[in-house]
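Chain and residue survey
As a plain string of letters, each chain reads:
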Amino acid sequence: PCWLCAGWVEVPIKLWQGISIDPSVRFEQGEVFAFLSVDNFARPVPLSPAPLASGEEDDGIHCWEGARWLPPLEVAHMLIFMVGGELVTALDLPQRRLAQPLVLPARSRAR
């Protein structure tokens, strides 16, 4: 069956500056990515700044967002972010210790 028929869904991915990671980390367009375990962390998901809602004031907390189509799974996907070339975990998401260090495939790091 096709991927849509198999129950794949578009999943939003969000990273909040000042909530998900330290507010001192500077985000630059084209330097913020998410990597997921569903493809062995091989395909970066680019994140872009979310526009402020109409009438919303800039409080310094900015959301960067992207999306990825994912298959239904029995176990949770693992997720890691790359901001400015550094791998970071989101402080506002569940974390788990890995038995082995995560090594991204070389092609994932290329822009």
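Here's a quick rundown of the structure. (Residues numbered from 1 in each chain as written. Predicted model: local features only at pLDDT ≥ 70, side-chain atom pairs only at ≥ 80, totals over all residues. Heavy atoms only, no water.)

1. Notes on unusual backbone geometry
In this model, Asn-40 sits at a positive phi of 60 degrees, which is unusual for a non-glycine residue. In this fold, Asn-40 is placed in the loop between strand S2 (32–36) and strand S3 (45–46). Although it is not a glycine, Phe-41 sits at a positive phi angle of roughly 60 degrees. Mapped onto the fold, Phe-41 is located in the loop between S2 and S3. Overall, Phe-41 belongs to the buried group, its relative accessible area being 7%. (Helix = DSSP H or I, 4+ residues; strand = E, 2+ residues; numbered from the N terminus. Buried < 20%, exposed > 50% of the residue type's maximum accessible area, 1.4 Å probe, protein only.)

2. Let's talk about the sheet that holds strand S7 (residues 86–88)
On the basis of which strands lie adjacent, the open sheet formed by four strands has the order S3-S2-S6-S7 and antiparallel pairing. Strands at the two margins of the open sheet, each flanked by one partner only, are S3 and S7. Looking at chain direction, S2 and S3 are connected through two bridges and run antiparallel. Each residue of the ladder has a partner; that of Phe-33, found in S3, is Pro-46. (Pairing = 2+ DSSP bridges.)

3. Some points on the sheet that holds strand S4 (residues 48–49)
A sheet is described by the order of its strands in space; here three strands give the open sequence S1-S5-S4, paired in antiparallel fashion. Looking at strand neighbours, the two that pair on one side only are strand S1 (9–16) and S4, the edges of this open sheet. Where S1 meets strand S5 (residues 63–70), eight bridges bridge the pair, whose relative direction is antiparallel. Along S5, the bridge assignment pairs Ile-13 with Gly-66.

4. Regarding the pairing of S5
Side-chain direction in a regular strand flips from residue to residue, so the side chains alternate between the two faces of the sheet. In this structure, S4 lies alongside S5, joined through two bridges in antiparallel fashion. Bridge assignment links Pro-49 to a residue of S5, and that residue is Trp-64.

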